[in-house]
Amino acid sequence: MPRRTLLAGLTTAALITATPAHAHARRVLHVRPGDSLQAAVDAVDGPGWTIVVHPGTYRQVVNVPGGKEELTIRGASRDPRAAVLVYDNANGTQKPDGSGTYGTAGSAAFTSSAPGLTVRDLTLANDWLRADHPEITGTQAVAAYVTGDRTHFENVRLLAHQDTLFADTTALDAFDRQYFHRCYIEGDVDFVFGRGRAVFDACHFHTLQRDVTFTPKGMVFAPATARANPYGFLALRGRITSGAEDAAYKIARPWVPSYETTAWPSLVVRDTWIGSGIDAVTPYTNMRDAYPWQTMRFREHANSGPGAVISVPENRPQLTAEEAATHTRRTYLGDWRPYGRG
């Protein structure tokens, strides 16, 4: 898919320079086309700051380090298409200093490890394309890599192909919580993945058409939940649509990383409309046969749509009503209630 299609509908603007953002009010920084969003992040000197991003396309990489606590980054418009952060590094892209490639996490256009981060009304994208770089085999290209407890994305568009959203934790033994509300996330292979405890509330997942002859063409989720974590990914009250042919995609496959072979991936999809792009007969598959999906914590509950039809019950494990009561926003997020603020 050409880059212009991936970023269809996004506002274009001048490329970013290193010009500092402008402070127009106490603890508020404004970023406009020609300014650097990273410079605004760097200028934050304590908790509770807000960075307002005005309409435009900001082609740069942004990193929010762990010390920038309780930071809000929001678009000036409520339309998330108006302000776009985008870049095009991939896992296999060589770094300019010759020190090697970026790797999956390092390919992200947007990275944050800050606790209490809120991002709203923005588009975060990685428009790297496989077709443009046949020489690169590390084709993961992340739009957002987020860790840090109490990360909240509200009305955010996340666009890429493989590994769009890396929802992870700051450490192997951390249970960082993340809440995504009314977000749009698109991609093709494992495009929502990681070991975070993440709730996707009323989100829209969209699988892209992929120019390959085999199926499955990809998977929506690839959780890597730590065994000690009682909760992984929870998707509820959302929908899954597709730009590909019927049954071309799977809901998920488990990711057991080589650096954490004790992982026990967890995914619950409930109260969600699932379109015909998902293979209803066999909606799950393995990443590696040594870790079969049937041994993982994959469950569904009260889903609807053609991709949710249960024709082979053993291929679609369901929560009981009693179990469903333990898989809610409140149980996953505990004493943190971002959904109570609208």
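Chains are numbered independently. Their residues run from 1 in the order of the written sequence. Only residues with pLDDT of at least 70 are given local features in this predicted model, and only at 80 or more are side-chain atom pairs given and counted; all residues enter the totals for whole chains, interfaces and linings. Heavy atoms from the whole structure form the basis of all side-chain values; hydrogens and water molecules are not counted.

Trainee: Can you break down the side chain of aspartate 190 residue by residue, with the values?
Mentor: Helix and strand definitions follow DSSP, with helices as H or I runs of at least four residues and strands as E runs of at least two, each counted in order from the N terminus. With respect to the helices and strands, the residue aspartate 190 is situated in the loop between strand E16 (184-187) and strand E17 (192-194). On the basis of relative accessibility, which here comes to 6%, the residue aspartate 190 falls in the buried class. By the convention used here, residues are in contact when the closest approach between their heavy atoms is within 4.5 Å. Ignoring any residue separated from it by four or fewer positions in sequence, one finds aspartate 190 in contact with Asp163, Met219, Val220, Ala222, Arg253 and Met287. Only protein chains enter the accessibility calculation, which uses a 1.4 Å probe. A residue is then buried if its area is under 20% of the maximum for its type, exposed if over 50%, and partly exposed in between.

Trainee: An account of the pattern of salt bridges is needed here, citing residue identities and associated values.
Mentor: Oppositely charged side chains can form a pair if their charged atoms are brought close together. We define a salt bridge as a side-chain nitrogen of Lys or Arg found within 4 Å of a carboxyl oxygen belonging to Asp or Glu. Taken as a whole, this structure holds 16 salt bridges when the rule is applied. Its salt-bridge partner being lysine 250, residue aspartate 279 comes within 2.8 Å of it at the nearest N-O pair. Here the residue aspartate 279 occupies a position in the loop between strand E25 (273-274) and strand E26 (297-301), and lysine 250 occupies one in strand E23 (residues 249-252), the gap between them amounting to 29 residues. In this structure, aspartate 279 and lysine 250 share a single accessibility class: buried.

Trainee: Describe in detail the sheet that holds strand E13 (residues 157-159), supporting the description with residues and values.
Mentor: A pair of strands is considered paired only if DSSP assigns at least 2 bridges between the two. Strands sit in the order E4-E7-E10-E13-E16-E19-E22-E25 across an open sheet of 8 strands; the sheet is parallel. Each having just a single partner strand, strand E4 (56-59) and E25 make up the two edges of the open sheet. In this structure, E16 lies alongside strand E19 (residues 204-207), joined through 4 bridges in parallel fashion. Residue pairing across strands places isoleucine 185 opposite phenylalanine 205, the latter belonging to E19.

Trainee: Break down unusual backbone geometry for me, with residues and values.
Mentor: The amide bond that connects threonine 215 to the next residue, proline 216, takes the cis arrangement and shows omega of 0 degrees. In this structure, proline 216 sits in the loop between E19 and strand E20 (218-223). Unusually for a residue other than glycine, aspartate 163 sits at a positive phi of about 65 degrees. By the element assignment, aspartate 163 lies in the loop between E13 and strand E14 (165-167). Residues other than glycine seldom take positive phi values, yet aspartate 190 does so here, at roughly 50 degrees.

Trainee: Residue-level account of the packing of aromatic side chains, with values.
Mentor: Put simply, two rings from Phe, Tyr or Trp (the six-membered ring, in Trp's case) pair if the centres are within 6.5 Å, and we call them stacked under 30 degrees between planes, edge-to-face over 60, tilted for the rest. Applying the stated rule across the entire model yields 17 aromatic pairs. Measuring from centroid to centroid gives 5.2 Å for phenylalanine 153 and phenylalanine 180, while their planes differ by 55 degrees, and the two rings are tilted. Linking phenylalanine 153 in strand E12 (residues 151-154) with phenylalanine 180 in strand E15 (residues 177-181), this pair joins segments that are 27 residues apart in sequence. Using a relative accessible area of 0% as the deciding quantity, one classes phenylalanine 153 as buried. Judged by relative accessible area, which is 0%, phenylalanine 180 ranks as buried. In this scheme, Lys NZ or Arg CZ marks a charge over a ring once it lies within 6 Å of the ring centre and within 35 degrees of the ring normal. Taking NZ or CZ as reference, arginine 329 lies 4.1 Å from the ring centre of tyrosine 339, over its face.

Trainee: Break down the pairing of E12 for me, with residues and values.
Mentor: Looking along a regular strand, one sees the side chains alternate between the two faces of the sheet. The two faces of E12 match: Thr151 and Phe153 on one face and His152 and Glu154 on the other face are all buried. Alignment of E12 against E15, held across 4 bridges, turns out to be parallel. The residue bridging glutamate 154 from the neighbouring strand is histidine 181, located in E15.

Trainee: Outline empty space enclosed by the protein, listing residues and values.
Mentor: Definitions used throughout: a 1 Å grid over protein atoms alone; a cavity as a set of points that fits a 1.4 Å probe which cannot get out; a pocket as an open set with protein on both sides within 12 Å along at least five of seven lines; a lining residue as one with an atom within 4 Å of a point. Grid points are joined across faces, edges and corners, and a volume is the space filled by probe spheres set on the points. Summed over all chains, the structure comprises 1 cavity of 30 Å³ or more. Its volume calculated, the largest cavity comes out at about 50 Å³. Lining the largest cavity are Leu37, Val53, Ile73, Ala83, Val84, Leu85, Phe110, Leu122, Thr123 and Leu124. Taken together, the elements giving at least two residues each to the lining of the largest cavity come down to strand E7 (83-87) and strand E10 (123-126). Here the element with the most residues in the lining of the largest cavity is E7; it accounts for 3 residues. The residue inventory of the lining of the largest cavity, partitioned by class, reads 9 nonpolar, 1 polar and no charged. Under this grouping Gly is polar, as are all residues other than the nonpolar Ala, Val, Leu, Ile, Met, Phe, Trp, Tyr, Cys and Pro and the charged Asp, Glu, Lys and Arg.

Trainee: Which residues make up the side chain of glutamine 38, and what are the values?
Mentor: Tracing the backbone through its elements, the reader meets glutamine 38 in helix H2 (residues 37-43). Beyond its immediate stretch of four places on either side in the chain, glutamine 38 contacts Gln60, Val61, Val62 and Asn63.

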